[in-house]
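Take a look at the letters that make up each chain.
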Amino acid sequence: MAQGDNRLLDGIIEQADRSAQKKIEDATASAQAILSEAESRSEAQKELLERELEQKLKLIELRLETNKASARRRAILAEVDERYQAVMERVTELFDAKTVSAHLPQWIAEATLGLDLKEAKVASGRKAPATEEHLREAERLIHAATGAEVTLHLESRHVPGLGVVVSSMDETVSFNNQVEIRLRRFDRVIRSLIQEHV
């Protein structure tokens, strides 16, 4: 009986060993699976964070490029403004009474044609006043360009600055051809020319 008990006891111990061994193997496999899953999750999270970081870096680079481009544009505009002011000052210096006086017939003709009038009156500045000769030359220029006959009259009032203002006889319409206004008309052209050379 002692031997039978021993066999029974040995069987129980063997059974317990196998069970313990199975539990150890299952626990090891389970731990390995948990570790593997945790590693996979950790790797996936790392990749996600790397992608987010990459996107943020791209965004920062984009903003930086945008800011650089904006700063370059502002610098160019500031330089264009500075050069524009210098050009306008120089042009204004060049437009003295003698220079303007030589251009009055063309400016009077241009204004009269712009208004499409058969009869008009011309006011001019005190420094470079329009004369009857200027009016006759303007009438001749209009006739040569269009074949139209127009009659121009000198107005007694003076305009500020250099140039002329041509008006209808009833003063309902007028065309301002003073230096300052003429320069404003070419403002966009002057600026674009300056931009091309900046």
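Let us look at the overall build of the chain. From N to C terminus, the chain includes five helices and four strands. Starting at the N terminus and ending at the C terminus, the chain contains elements arranged as α-α-β-α-β-β-β-α-α. Here the C-alpha radius of gyration of the chain, 47 Å, is well above what a compact globule of 198 residues would show, namely 16 Å. Overall, the chain is about 155 × 30 × 25 Å in size when its C-alpha atoms are taken along their principal axes. With 198 residues in all, the chain has 23% of them scored as buried.

Further remarks concern the pairing of strand β4 (residues 174-178). Judged from the five bridges that link them, strand β3 (residues 163-168) and β4 form a sheet pairing that is antiparallel. Among the inter-strand pairings, Val165 is bridged to a residue of β4, identified as Asn176. In this antiparallel pair of consecutive strands, β3 and β4, the connection spans five residues, and Glu171 shows a positive phi of 60°.

With that settled, consider the sheet that holds β4. Sheet architecture is open: four strands sit in the order β2-β1-β3-β4, paired in mixed fashion. The sheet terminates laterally at β2 (151-159) and β4, the two strands that pair on one side only. Averaged over neighbouring strand pairs, the angle between their axes works out to 20° when direction is ignored. Pairing of strand β1 (residues 119-125) with β2, which is carried by six bridges, proceeds in the parallel orientation. Paired with Val122 across the strands is Leu154, a residue of β2. Against the sheet, helix α3 (residues 132-146) engages β1 and β2, with an angle of about 135° to β2.

Right, let's talk about unusual backbone geometry for a bit. Of note, the phi angle at Asp116 is positive, near 55°, even though the residue is not glycine. With respect to the secondary-structure elements, Asp116 resides in the loop between α2 (97-115) and β1.

Let us look at the packing of aromatic side chains. Under the counting rule described, the total for this entry stands at zero aromatic pairs. The ring of Tyr84 carries the charged tip of Arg191 above its face, separated from the ring centre by 4.0 Å.

Reading the values: rules and limits
- Residues numbered from 1 in each chain as written.
- Predicted model: local features only at pLDDT ≥ 70, side-chain atom pairs only at ≥ 80, totals over all residues.
- Heavy atoms only, no water.
- Helix = DSSP H or I, 4+ residues; strand = E, 2+ residues; numbered from the N terminus.
- Rg over C-alpha atoms; globule rule 2.2 N^0.38 Å.
- Buried < 20%, exposed > 50% of the residue type's maximum accessible area, 1.4 Å probe, protein only.
- Pairing = 2+ DSSP bridges.
- Axes fitted to C-alpha atoms, helices over the stretch in contact; angles between N-to-C directions.
- Contact = heavy atoms within 4.5 Å.
- Phe/Tyr/Trp six-rings, centres within 6.5 Å; stacked < 30°, edge-to-face > 60°.
- Lys NZ or Arg CZ within 6 Å of the ring centre and 35° of its normal.

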